[in-house]
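Structural description and commentary
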Amino acid sequence: AGDASGARGSSKGLAIIGRMRRLVPWLRALAALALVSLAGCSSTEPPDATLGWTPERLYAEARDELASGNREAAIKLLEKLEARYPFGHWAEQAQLDIAWAHFKDNERALSLAAIDRFMKLHPNHAALDYALYLKGLVNFNEQQGLMARFGGQDLSERDQAALRESFDAFKELVNRFPDSKYAPDAEARMRYLVNSMARGKVHIARYYYSRGAY
């Protein structure tokens, strides 16, 4: 009787295993469908409407966004332009406009990085005087932020590093491109910066003097 019962149990076990094996292909198919469904759900981003646009159209749209004050949208379009058409006039102009847009967005570090990249890629570019001028402006305006304007703080009392970087950029512009249309304004700003840096030294001297560090 024991042997018969064991045989029946073994037979049932084999039958269950057989049914499970037959289910494996169906389970694999369900898993595959689930993966496809998840992939479809994750790709919710709409297709890029700018695909196939010419560099002229990308640039024109970016300029329109800049004119409307939508600098973030403009930067994205300019970055697409440079990525899709990395050589030639349009990419070079996009690099400069990206630097300008970051500057107007008060993103000093991003603007300076874009300017330095442009200058390294195009050391003899016709617009190098503009790049130097913009570099000077970015550092110059860093010292005239909201705290300086509304807090009544003298420029010379603030960190002198950006002042020096601004002066150096304007100086290089004036020395290398004396006939540039940006040179007169650069010279005027240099005079202002020299006075500011001199006042900064006086502030430092007074600080030490007041503490007896003669």
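For every chain, the first residue of the written sequence is number 1, and numbering continues from 1 along that sequence. With pLDDT at 70 or above as the cut-off, local features in this predicted model cover only qualifying residues; side-chain atom pairs require 80 or more to be listed or tallied, and sums for whole chains, interfaces and linings still use all residues. Excluded from the side-chain calculations are hydrogens and water; all other atoms, namely the structure's heavy atoms, are used.

Quick look at the overall build of the protein chain
Every helix listed is a DSSP run of H or I at least four residues long, and every strand listed is a run of E at least two residues long, numbered separately from the N terminus. Within the protein chain, the regular secondary structure consists of 9 helices and 0 strands. The N-to-C order of helical and strand elements in the protein chain reads α-α-α-α-α-α-α-α-α. Whether a residue is buried, partly exposed or exposed follows from its accessible area with a 1.4 Å probe, protein chains only, as a fraction of its type maximum: under 20%, in between, or over 50%, in that order. When each of the 214 residues of the protein chain is scored for burial, the buried share is 30%. In what follows, residue pairs with any heavy atoms lying within 4.5 Å of each other are defined as contacts. For the protein chain, the share of sequence-separated contacts (at least 6 apart) that also reach a separation of at least 24 residues comes to 57%.

Section: helix 9 (residues 183-210)
Its 28 residues place the ends of helix 9 40 Å apart at the C-alpha level, agreeing with the 40 Å of an ideal helix rising 1.5 Å per residue. Residues A183, A186, M190, L193, S196, M197 and G200 constitute the buried set of helix 9. Contacts from the buried residues of helix 9 go to helix 6 (128-142) and helix 8 (161-176). Just beyond helix 9, the residue with positive phi is G212, at close to 75°. In a helix, the anticipated span is given by 1.5 Å times the number of residues less one.

With respect to the packing of helix 3 (residues 71-84) against helix 4 (residues 89-104)
At their nearest, the axes of helix 3 and helix 4 sit 9 Å apart, and the two run at 155° to each other. Here helix 4 runs roughly antiparallel to helix 3, going by the angle between their axes. Of the two elements, helix 3 crosses helix 4, and the hand of that crossing is left-handed. For the pair formed by helix 3 and helix 4, the contact residues are R71, I75, L78, E79, L81 and E82 on the first element and W90, A91, A94, Q95, D97, I98, A101, H102 and K104 on the second. The class makeup of the residues in the contact of helix 3 with helix 4 is 8 nonpolar, 2 polar and 5 charged. Between N-to-C directions, angles cover 0 to 180 degrees, with each direction set by a line fitted to C-alpha atoms, over the stretch in contact for helices. Each angle gets one of four labels, with under 35 degrees taken as roughly parallel, over 145 as roughly antiparallel, 65 to 115 as roughly perpendicular, and the rest as oblique. By definition, turning the near helix anticlockwise from the far helix through less than a right angle yields a left-handed crossing, and turning it clockwise yields a right-handed one. Under the scheme applied here, ten amino acids are nonpolar (Ala, Val, Leu, Ile, Met, Phe, Trp, Tyr, Cys and Pro), four are charged (Asp, Glu, Lys and Arg), and all others, including Gly, are polar.

So, the nonpolar core
Nonpolar cores are built from buried Ala, Val, Leu, Ile, Met, Phe, Trp, Tyr and Cys residues. Side-chain atoms within 4.5 Å join them into one set. Counting 36 residues, the largest nonpolar core has I115, M119, F170 and L193 as its most contacted members. Elements represented by at least two residues in this core include exactly helix 2 (55-67), helix 3, helix 4, helix 5 (108-121), helix 6, helix 8 and helix 9. Apart from residues lying up to four places away in sequence, F170 is in contact with Y133, G136, L137, F140, A186, R189, M190 and L193.

Some thoughts on the packing of aromatic side chains
Between 30 and 60 degrees the pair is tilted, below 30 it is stacked and above 60 it is edge-to-face, where a pair is any two Phe, Tyr or Trp rings, Trp via its six-membered ring, whose centres lie within 6.5 Å. Here the structure, examined in full by the defined rule, presents 8 aromatic pairs. A ring pair is formed by Y133 and F170, whose centres lie 6.0 Å apart and whose planes are at 50°; its orientation type is tilted. Residue Y133 is found in helix 6, and its partner F170 is found in helix 8; the two are separated by 37 residues along the sequence. For the pair Y133 and F170, a shared accessibility class is recorded, and that class is buried. By the ring-pair criterion, three or more aromatic residues cluster together here, those being Y130, Y133, F170 and Y182. Remark: a charge is flagged as sitting over a ring if the NZ atom of Lys or the CZ atom of Arg is within 6 Å of the ring centre and within 35 degrees of the ring normal. Here the guanidinium or amino end of R57 rests over the ring plane of W53, the centre of that ring lying 3.8 Å away. Here the basic side chain of R189 rests over the ring of F140, its NZ or CZ set 4.8 Å away from the ring centre.

A short note on the pattern of salt bridges
Put simply, a salt bridge is a Lys or Arg side-chain nitrogen that is within 4 Å of an Asp or Glu carboxyl oxygen. Per the stated rule, a full pass over the model turns up 11 salt bridges. Here D97 makes a salt bridge to R63, at a shortest N to O gap of 3.3 Å. Placement of the pair is D97 in helix 4 and R63 in helix 2, with a sequence separation of 34 residues. Since its relative accessible area comes to 5%, D97 is described here as buried.

Topic: the side chain of H122
Position of H122 among the secondary structure elements: in the loop between helix 5 and helix 6. Residue classification places H122 among the buried positions, given a relative accessible area of 16%. If we skip the residues at most four places from it in the chain, H122 touches E92, Q95 and L128.

Concerning the environment of L132
Here L132 is to be found in helix 6. Along the sequence, L132 and E172 sit 40 residues apart, while their C-alpha atoms lie 7.4 Å from each other. Contacts of L132, omitting those with residues within four sequence positions, involve M119, A169, E172, L173 and F177.

Structural notes on unusual backbone geometry
Notably, N106 is not glycine yet its phi reads approximately 65°, a positive angle. Its location among the elements puts N106 in the loop between helix 4 and helix 5. Residue classification places N106 among the exposed positions, given a relative accessible area of 71%.

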